[in-house]
Amino acid sequence: MALPTNTTQFGTSTLLFFLLFPLLFQIYPGKSELQLNFYAQSCPRAEEIIKEQVTNLYKKHGNTAVSWVRNLFHDCAVKSCDASLLLETVKGIESEKASQRSFGMRNFKYVNTIKDALEAECPLTVSCADIVALSARDGIAMLGGPRIEMKTGRRDSKESYAAVVEDFLPNHNDSISLVLSRFQSIGIDAEGTVALLGGHSVGRVHCVNLVQRLYPTVDPSLDPEYAEYLKGRCPTPDPDPKAVLYARNDRVTPMILDNMCFKNVLNRKGLLLVDQQLASDPITSPFVEKMAADNDYFHNQFSRAVLLLSENNPLIDDQGEIRKDCRYVNAN
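Residues numbered from 1 in each chain as written. Predicted model: local features only at pLDDT ≥ 70, side-chain atom pairs only at ≥ 80, totals over all residues. Heavy atoms only, no water.

A. The layout of surface pockets, seen in detail. Approximately 1,100 Å³ is the volume found for the largest pocket. Considering the residues around the largest pocket, the lining is formed by 44 residues, among which Arg70, His74, Phe103, His200 and Arg204 are closest to the centre. Among the secondary structure elements, those contributing two or more residues to the lining of the largest pocket are α4 (64-76), α8 (176-184), α9 (190-197), β1 (204-206), β2 (246-248) and α14 (295-310). For the lining of the largest pocket, the per-class residue count stands at 25 nonpolar, 14 polar and five charged. (1 Å grid on protein atoms, 1.4 Å probe; cavity = no way out; pocket = protein on both sides within 12 Å on 5 of 7 lines; lining within 4 Å. Points joined across faces, edges and corners; volume = space filled by probe spheres on them. Helix = DSSP H or I, 4+ residues; strand = E, 2+ residues; numbered from the N terminus. Nonpolar A, V, L, I, M, F, W, Y, C, P; charged D, E, K, R; others polar.)

B. Empty space enclosed by the protein, seen in detail. According to the stated counting rule, one finds one cavity of 30 Å³ or more in the structure shown. If you trace the largest cavity, you find it lined by His200, Asn249, Cys261, Asn264, Val265, Lys269, Gly270, Leu271 and Asp275. Among the elements that make up the lining of the largest cavity, the one with the highest residue count is helix α11 (residues 260-266) (three residues). Its residues placed into classes, the lining of the largest cavity shows three nonpolar, four polar and two charged.

C. How the structure looks around the pattern of salt bridges. Across all of its chains, the model carries 13 salt bridges by this definition. Here Glu119 ties to Lys115 by a salt bridge, and the two come within 2.9 Å at their closest N and O atoms. With Glu119 and Lys115 both in helix α5 (residues 109-121) and four residues apart, this pair spans about one turn of that helix. Looking at Glu119, the relative accessible area reads 10%, which means it is buried. The exposure class of Lys115 is buried, given its relative accessible area of 0%. Across the salt bridge formed by Asp219 and Arg213, the nearest N and O atoms sit 3.1 Å from each other. (Salt bridge = Lys/Arg side-chain N within 4 Å of Asp/Glu carboxyl O. Buried < 20%, exposed > 50% of the residue type's maximum accessible area, 1.4 Å probe, protein only.)

D. Molecular detail of the environment of Leu143. Summarising the element assignment, Leu143 is placed in the loop between α6 (128-142) and α7 (165-168). A sequence separation of 88 residues divides Leu143 from Lys231, and the C-alpha atoms of the two residues are 28 Å apart. For Leu143, the residues in contact, after removing those within four places along its chain, are Tyr58, Ala65, Val66, Val69, Val202, Met255, Ile256 and Leu257. (Contact = heavy atoms within 4.5 Å.)

E. Region of the structure containing the UniProt feature "domain: Plant heme peroxidase family profile" (unreviewed entry) in the chain. Look at the UniProt record and you will see "domain: Plant heme peroxidase family profile" (unreviewed entry) annotated at residues 33-330. Helix makes up 43% of residues 33-330 and strand 2%. Its end C-alpha atoms lie 24 Å apart. (UniProt positions renumbered as here; feature names shortened; annotations may be inferred.)

F. Expanded view of the confidence of the model for the chain. Summarising the model, the chain shows a mean pLDDT of 90, and 90% of its residues fall at 70 or more. Every residue in residues 1-10 scores below 50 in pLDDT, and together they form nine contacts with partners more than four places removed in sequence or on other chains. The low-confidence segment residues 12-32 (pLDDT under 50) makes 14 contacts with residues lying over four places distant or belonging to another chain. (pLDDT = per-residue confidence, 0-100.)

G. Structural view of the side chain of Asp156. Within the fold, Asp156 resides in the loop between α6 and α7. Of the side chains with opposite charge, Arg323 lies nearest to the buried Asp156, which makes no salt bridge, at 4.6 Å. Of note is the side chain of Asp156, whose polar atom sits 2.9 Å from the backbone nitrogen of Arg323. Residues in contact with Asp156, not counting those within four places in the same chain, are Asp82, Ala83, Ser127, Cys128, Ala129, Leu315, Gly320, Glu321, Ile322 and Arg323. (Lys, Arg positive; Asp, Glu negative; His and termini not counted. Polar contact = N/O pair within 3.5 Å; in protein donor to acceptor, adjacent residues only side chain to side chain.)

H. Molecular detail of α8. Of the positions making up α8, those classed as buried are Ile176, Val179, Leu180 and Phe183. For α8, the angular spread of the buried residues around the axis is 100°, confining them to a single face. Contact partners of the buried residues in α8: α4, α9 and α12 (273-280). (Arc of directions from axis to C-beta.)

I. Summary view of a positive patch on the surface. Where like charges cluster on the molecular surface, the positive patch consists of Arg106, Arg204, Arg233 and Arg248. Overall, the relative accessible area of 33% leaves Arg204 in the partly exposed class. (Patch = residues over 30% accessible without salt bridge, like charges linked within 9 Å, V, L, I, M, F, W, Y side chains within 5 Å. Areas by Shrake-Rupley, 256 points an atom, 1.4 Å probe, with all protein chains shown as cover. Charge placed at Lys NZ, Arg CZ, Asp CG, Glu CD.)

J. Summary view of unusual backbone geometry. Looking along the chain, the bond that leaves Tyr215 and enters Pro216 is cis, with omega of -5°. Of note, Pro216 is situated in the loop between β1 and α10 (224-233). You will see that Ala83, though not glycine, has its phi angle at about 65°, which is positive. Summarising the element assignment, Ala83 is placed in the loop between α4 and α5.

Below you can see the structure in the form of structure tokens.
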């Protein structure tokens, strides 16, 4: 672009415009954002189909709803909400599902049940990344959680991030300060992080992830009677990872996404170490107390945090692809 040299003719402000105009396109490249009802024209029944499938699967396999919520976290917290989590190990791709962080995750096969229904209606239109997001949204509602209005338009990754999963996903035994730092790096504050950990109100934990709190000595932050119950569920310090040995996150309302998790933590019955730390950390404890006392407040903060998580660095426009099969990039 030729720049004017006569500032008396064009004025200083005009000259600045010519100088800065090219930079605007570098800073704001004109990418469209996620939007509500993205598929309104291309596949009008997309969200309805996903909800139908989530509901049908819940009726047959109630734990699928919990899986959808966990999928959202494990996919979106690792670089991008782009369904990289779903890729299988094949032709140079190492699956993120092989990571120790993914231990205990299940029901991936039912993602393809949802995808098949969408492909029958609108071939190569609805992304697996949006299936991850919307199935979580509908799963949360099935579990008695808040109804969340979620944007769509994500596209699918052509690569796995297996090599860096542990750099993004905190471990259940990590310090709460590290957990807060990991969430902060993707724009979720302490209040939102506490709310997301409230997702531990549903589902179960394998004994492999519990025994370090029980053996050789019981973690003093555990209620003694609760510790005895957990020892009954996990009777040895070296459980078989392939055995069905687990404890429910919440024994009172195990399949309802409510604030019982926080009440348990305040009663020293937090199942995971990271949960129990929420009650003792000065940054998180005020939020724990408030959420334990007010389920609506918990739901509001959980909704906010889930939306932030679901919109973490998505692929849009011409980035990535729309996979035909969620397990494989189209080239495979």
